[in-house]
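Secondary and tertiary structure notes
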Amino acid sequence: NIYQVVNEYKYKLIRLQDLNEYKIIYLNKRYSLLKDYIMQNCTRIISSKFKIGKFRKKDIILLQQFDSDNHGNKYPVMLLKIKNVKIVFKPRKALIDQKVMELFININITLKKYKSKYKLPTYIILNCGNYSFWEYIDGDTLYEKGKNNLRDEKLNKNIINNLEFLNTIAHKIGLTDLHSQN
């Protein structure tokens with residue numbers, strides 16, 4: 001009977017909508033607690049390192065939740081926006097990552113002295129409690145960049161040279177988490 005099928009479908013759809021609304025309410029509540037944590041513990045360091053200036057809880061906006069490892073934490077990796085500055089929130093400390101960035105900065109300084117064509121990627125990473133905040137690098141992933149620039153031979157050569165150099169350094173210091181998102 002067609003009416004029975006339609007009614008079953010409506011019932012399942014309503015249950016799915018209820019479940020999604022529950023998830024949204026749950027995530028918003030959890031996200032509000034994270035914003036409280038940021039305001040109580042991380043405001044000064046975020047303001048300083050990301051050059052944002054003073055901000056309030058309402059200035060912290062969740063732009064995206066990434067579908068990645070939450071490192072056993074209740075929060076996922078998220079893209080936040082605080083006063084027009086995009087910041088990646090990770091639910092883990094980033095002490096080793098910070099040291100790697102310091103190393104890359106020092107290597108880049110040395111490379112510049114010798115007028116090298118190589119340059120390692122660097123960005124801001126800061127820790128606050130058991131969480132870390134990362135500078136958001138706008139643009140395509142490495143995969144997308146490669147697809148979009150197949151015809152630009154000079155750019156591709158530069159990208160390949162820098163990737164080979166990054167791979168060499170990463171191998172020497174034992175970095176293993178190199179993928180297009182990182």
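Further up the page is the structure itself.
These remarks concern the structure in this document. Here the structure is a predicted model, which is why all the values come from computation and not from measurement.

Quick word on the pairing of strand β5 (residues 131–135)
In terms of burial, β5 is a largely internal element, four of the five residues being buried. Looking at chain direction, strand β3 (residues 85–90) and β5 are connected through four bridges and run antiparallel. Its bridge partner lying in β5, Val88 is registered against Trp134. Examined bridge by bridge, strand β4 (residues 125–128) and β5 share four bridges and lie antiparallel to one another. In the sheet register, Cys128 faces β5, and the bridge partner there is Tyr131. Following β4, the chain reverses through two residues before pairing antiparallel with β5; Gly129 in that reversal takes a positive phi of roughly 65 degrees.

Looking at the side chain of Ser47
Within the element layout of this structure, Ser47 appears in helix α2 (residues 43–49). Among residues more than four places away in sequence, those in contact with Ser47 are Ile52, Gly53, Lys54 and Phe55.

Quick notes on the sheet that holds strand β1 (residues 60–65)
If you walk across this open sheet you meet the five strands as β1-β2-β3-β5-β4, and the pairing is antiparallel. Looking at strand neighbours, the two that pair on one side only are β1 and β4, the edges of this open sheet. Adjacent strand axes in the sheet meet at a mean angle of 30 degrees when their direction is disregarded. Where β1 and strand β2 (residues 78–82) come together, five bridges link them in antiparallel fashion. Across the sheet, residue Ile61 finds its bridge partner in β2, namely Lys81. The strands touched by helix α3 (residues 95–113) are β4 and β5; relative to β4, the strand with the most contacts, the crossing angle is about 150 degrees.

Some words on the packing of aromatic side chains
With the rule as written, the count across this model stands at six aromatic pairs. Site record: aromatic cluster; members linked through ring pairs are Tyr37, Tyr75, Phe89, Tyr131 and Phe133. Over the ring of Trp134 we find Lys90, and its NZ or CZ is 3.9 Å from the ring centre.

Side note on unusual backbone geometry
Note on backbone geometry: most residues besides glycine have negative phi, and most peptide bonds are trans. Although it is not a glycine, Lys51 sits at a positive phi angle of roughly 50 degrees. Among the secondary structure elements, Lys51 is positioned in the loop between α2 and β1. Judged by relative accessible area, Lys51 falls into the exposed class, the value being 71%.

Basis of the calculations
Per chain, the residues get numbers from 1 upward, laid out in the order the sequence is written. Selection of residues for local features in this predicted model requires a pLDDT of at least 70, selection of side-chain atom pairs for listing and counting requires 80 or more, and totals for whole chains, interfaces and linings are taken over all residues. For the side-chain quantities, the full set of heavy atoms in the structure was used; hydrogens and water were omitted. Residue burial is assigned from relative accessible area. The probe radius is 1.4 Å, only protein chains are included, and a residue is buried under 20% of its type maximum, exposed over 50%, and partly exposed in between. Every helix listed is a DSSP run of H or I at least four residues long, and every strand listed is a run of E at least two residues long, numbered separately from the N terminus. At least two DSSP bridges between two strands are required for those strands to pair. Residue contacts are counted whenever heavy atoms from the two residues lie within 4.5 Å of one another. Comment: axis = line fitted to C-alpha atoms, over the contacting stretch for helices; angle = value between 0 and 180 degrees taken between N-to-C directions. Ring geometry is summarised as follows: Phe, Tyr and Trp rings, the Trp one being its six-membered ring, pair when their centres sit within 6.5 Å, and such pairs are stacked at plane angles under 30 degrees, edge-to-face over 60 and tilted between the two. Our definition puts a charge over a ring when NZ of Lys or CZ of Arg is within 6 Å of the ring centre and also within 35 degrees of the ring normal.

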